[in-house]
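Letter by letter, the chains look like this.
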Amino acid sequence: MAVRQRREIDLGAAQALEARAVVIGRVTPNLVDPEIVDQLAAFQFPPLTVDGLAASRQEREAMFLAALDVPTTVESVDHVVDEARGVVVRVHREPGASGPLPCLFSIHGGGYVMGTRLMDDPMHRAYCGSLGIVGASVEYRLSPETPYPGPLEDCYDGLAWVMANAADLGIDPDRVGIYGGSAGGGLAAGLALLVRDRDEFDIAFQTLICPMLDDRQITPSSQLEGLDIWSRDSNEFGWRAYLGPRYADPALPIYAAPARAKDLSRLPPAYIAVGTIDGFRDEDVDYATRLNQAGVPCELHVYPGGPHGYQMFPFTEMSQQSALDVTRWLRRQLARLQP
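Below is a short write-up of the structure. Model, not experiment: these values are computed from the prediction.

### Topic: the pattern of salt bridges
On inspection of all chains with the given rule, the structure shows 20 salt bridges. Measuring nitrogen to oxygen at the nearest pair gives 2.5 Å for the salt bridge that ties Arg-85 to Asp-157. Of the two residues, Arg-85 is situated in the loop between strand 1 (75–82) and strand 2 (87–93) and Asp-157 in helix 5 (residues 150–164); the sequence distance between them amounts to 72 residues. The class for Arg-85 is partly exposed, based on a relative accessible area of 22%. Asp-154 is the partner of Arg-141 in a salt bridge, and the nearest nitrogen-oxygen pair spans 2.8 Å. One end of the pair, Arg-141, is in the loop between strand 4 (134–139) and helix 5; the other, Asp-154, is in helix 5, and 13 residues separate them in sequence. The structure contains a network of salt bridges with shared partners spanning Asp-78, Arg-90, Arg-117, Asp-121 and Glu-139.

What follows is the structure, encoded as structure tokens:
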């Protein structure tokens, strides 16, 4: 299927379109990209609850892991970073690839309450060959069993382990970027802030795909009813689980909810992508804007008619265009970092 260039829509146009098509704050089907509408039925999950969380985890992880049953030449090896906490870094590389190579360190999504490092296997399998990199994906503890700061500290320790073992892994520590989608994007943004402020090592870039950044849920897009894939109620559940007793705390650390950060200077170059029919749309656009205002180069893509997780529809024009856009951006970052 050929990929055609899409004209991206600015936030003002998105909100104007939304105002015509939303009735009493509810998203109507005509807002969603036509290629995706008919496929959404397969992604109508029951509301997240404490009692039903285990079943929801199994159902959603099984859906993602089905994509792993394909042949690959990429070798994937798990390294235990902290056995007691269950922190594992899964390292992916093409056999015979000579280093030191750039590394993409990824954090899986799942609303802070679901997911596994294996979800990023397809991405790393593709990028190891096409970009000539080493991939690394971290297993962090999930909430509500482990609230903030536990999951973020797991990610930090996983990244620190990669940096400390870069020579043995065939990785160039000066060319390590981070990647995260949804809650993984929120953790990646928080990780970038934490790395900046602890100043123990540096990261080269941050790639944030529909990141979950703002616990306050005060933007117009976060208040919409009828959102597909990740609803307003699921969003509140995820934040309550992740923050635990600190939910709604006005003094919440910026690393827990990066949208709260006032100083975004001295962060690595960023890429942010989100759809117009995503509850995270407004907080993501605002974060990208403020990164640029702080002197941090940030490339922003807003895809018309895209619900949360539009990447899960790989045969649609939107998903293919999005994959092309982020791959091109990663290539530019790697070229910029070429020694």
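### Quick notes on unusual backbone geometry
Here the amide bond leading from Ser-143 into Pro-144 is cis, since omega sits at 10 degrees, within 30 degrees of zero. Residue position: Pro-144 is located in the loop between strand 4 and helix 5. The backbone phi angle of Arg-266 is positive, close to 60 degrees, even though this residue is not glycine. Topologically, Arg-266 is positioned in the loop between helix 8 (232–243) and strand 7 (270–277). Classification of Arg-266 as exposed rests on a relative accessible area of 60%.

### A word on the environment of Val-81
Looking at where Val-81 falls in the secondary structure, it is placed in strand 1. Counting along the chain gives 231 residues from Val-81 to Met-312, while the straight-line C-alpha distance between them is 30 Å. Excluding its chain neighbours within four sequence positions, the residues that come into contact with Val-81 are Val-87, Val-88, Val-89, Asp-157 and Trp-161.

### Re the sheet that holds strand 5 (residues 171–181)
Taken together, the eight strands give an open sheet; going across it, the order is 1-2-4-3-5-6-7-8, and neighbouring strands pair in mixed fashion. The open sheet has two edge strands with one neighbour each: strand 1 and strand 8 (298–307). Averaged over all adjacent pairs, the angle separating strand axes in this sheet is 20 degrees, with direction ignored. Relative to strand 8, strand 7 runs parallel, the two being bridged by seven bridges. Within strand 8, the residue paired with Ala-273 across the bridge is His-301. Strands in contact with helix 9 (residues 281–293) are strand 6 (206–209), strand 7 and strand 8; relative to strand 7, the strand with the most contacts, it is inclined by about 150 degrees. Strands in contact with helix 10 (residues 317–336) are strand 3 (101–107), strand 6, strand 7 and strand 8; relative to strand 8, the strand with the most contacts, it is inclined by about 170 degrees.

### Remarks on the packing of aromatic side chains
Summed over the entire model, instances satisfying the criterion amount to eight aromatic pairs. Measuring from centroid to centroid gives 5.3 Å for Tyr-112 and Trp-239, while their planes differ by 50 degrees, and the two rings are tilted. Here the residue Tyr-112 occupies a position in the loop between strand 3 and helix 4 (121–130), and Trp-239 occupies one in helix 8, the gap between them amounting to 127 residues. Classification of Tyr-112 by relative accessible area gives buried; the value is 1%. Chaining the aromatic ring pairs together yields one cluster made of Tyr-112, Tyr-148, Trp-239 and Tyr-242. For Arg-198, the ring lying beneath its charged end belongs to Tyr-156, and the centroid distance is 4.6 Å.

How each quantity is defined
- Residues numbered from 1 in each chain as written.
- Predicted model: local features only at pLDDT ≥ 70, side-chain atom pairs only at ≥ 80, totals over all residues.
- Heavy atoms only, no water.
- Salt bridge = Lys/Arg side-chain N within 4 Å of Asp/Glu carboxyl O.
- Helix = DSSP H or I, 4+ residues; strand = E, 2+ residues; numbered from the N terminus.
- Buried < 20%, exposed > 50% of the residue type's maximum accessible area, 1.4 Å probe, protein only.
- Contact = heavy atoms within 4.5 Å.
- Pairing = 2+ DSSP bridges.
- Axes fitted to C-alpha atoms, helices over the stretch in contact; angles between N-to-C directions.
- Phe/Tyr/Trp six-rings, centres within 6.5 Å; stacked < 30°, edge-to-face > 60°.
- Lys NZ or Arg CZ within 6 Å of the ring centre and 35° of its normal.

Functional significance is not addressed by these values, which are geometric in nature.
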